[in-house]
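Here is how the chains run, residue by residue.
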Amino acid sequence: MRINLLSSFAAGILITTTICGVVYFTDDNTTQKASAKSSEKVQLTAPEMKDKLESEGYVVQTKEELEKTLQAAKSTETKPADSKEKEKAVTQVLVNVADGMTSIDVANALFQAKLIPDAFKFTQDIEARGLQNALRPGSYTVNSDMSYDQIIATIFTN
């Protein structure tokens, strides 16, 4: 009985597939519409294409117009400011020192703020001065005009 059930199911699938295939291959509406769309090629002239693109929000330039625009942009570029003007910009940083922070933590904060060139050398200098245990908790304002010794004197006690 099991074989009869399986063969009936297979026969039903075969008949259904055959019917679907016949309908698919004999239906001409979809193939005619697709072939009609692909055969209709419209050739636009250059001004028509430009107008169409501009109406859709695109900027259309010829090669000469692009080169003129690029030359104008290059000629109006401003030169970078002198190095003296860059040095005049002062960076102010608020350093928060909490209980349990070490000189390494403070050095990393100062290094991230670009106030010291090397965090490791800063901690070595603190240890050489014997100030590693003289870190005072609190908030300190340090700026880029301060010298290396002034930064240390601001955050560490003697």
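Quick look at the structure, then. (Residues numbered from 1 in each chain as written. Predicted model: local features only at pLDDT ≥ 70, side-chain atom pairs only at ≥ 80, totals over all residues. Heavy atoms only, no water.)

Comments concerning the nonpolar core
Right, so step 1: Counting 20 residues, the largest nonpolar core has V95, V97, L110, F122, I155 and F156 as its most contacted members.
Right, so step 2: For this core, the elements supplying multiple residues, two or more each, are β1 (92-97), α6 (103-112), α7 (119-129), β2 (138-143) and α8 (148-155).
Right, so step 3: Beyond its immediate chain neighbours, meaning those up to four positions away, F156 contacts S103, F122, I126, L131, A134, L135 and R136. (Core = buried A, V, L, I, M, F, W, Y, C linked by side-chain atoms within 4.5 Å. Buried < 20%, exposed > 50% of the residue type's maximum accessible area, 1.4 Å probe, protein only. Helix = DSSP H or I, 4+ residues; strand = E, 2+ residues; numbered from the N terminus. Contact = heavy atoms within 4.5 Å.)

Quick notes on the pattern of salt bridges
Right, so step 1: Tallied over the entire structure, the rule returns three salt bridges.
Right, so step 2: A salt bridge links R129 to D125; the shortest N-O distance between them is 3.3 Å. Taken as a pair, R129 and D125 lie in helix α7 at a separation of four residues, close to a single helical turn.
Right, so step 3: Residue classification places R129 among the partly exposed residues on the basis of a relative accessible area of 38%.
Right, so step 4: R129 is the partner of D149 in a salt bridge, and the nearest nitrogen-oxygen pair spans 2.5 Å. (Salt bridge = Lys/Arg side-chain N within 4 Å of Asp/Glu carboxyl O.)

Here's the deal with α8
Right, so step 1: Of the positions making up α8, those classed as buried are I151, I152 and I155. Down the axis of α8, the buried side of the element spans an arc of 95 degrees, and every buried residue falls inside it.
Right, so step 2: Where α8 is buried, its residues touch β1, α6, α7 and β2. (Arc of directions from axis to C-beta.)

Comments concerning the environment of S139
Right, so step 1: Tracing the sequence through the fold places S139 in strand β2.
Right, so step 2: As for S139 and V97, which are separated by 42 residues in sequence, their C-alpha atoms are 6.1 Å apart.
Right, so step 3: Residue contacts for S139: discarding those within four places in its chain leaves L94, V95 and N96.
Right, so step 4: Within the structure, S139 has its side chain in polar contact with the side chain of N96 (distance 2.6 Å). (Polar contact = N/O pair within 3.5 Å; in protein donor to acceptor, adjacent residues only side chain to side chain.)

Notes on a nonpolar patch on the surface
Right, so step 1: A contiguous nonpolar surface patch, about 290 Å² in accessible area, is contributed by I15, I19 and V23.
Right, so step 2: Mapped onto the fold, V23 is located in helix α1 (residues 2-26). (Patch = residues over 30% accessible without salt bridge, like charges linked within 9 Å, V, L, I, M, F, W, Y side chains within 5 Å. Areas by Shrake-Rupley, 256 points an atom, 1.4 Å probe, with all protein chains shown as cover.)

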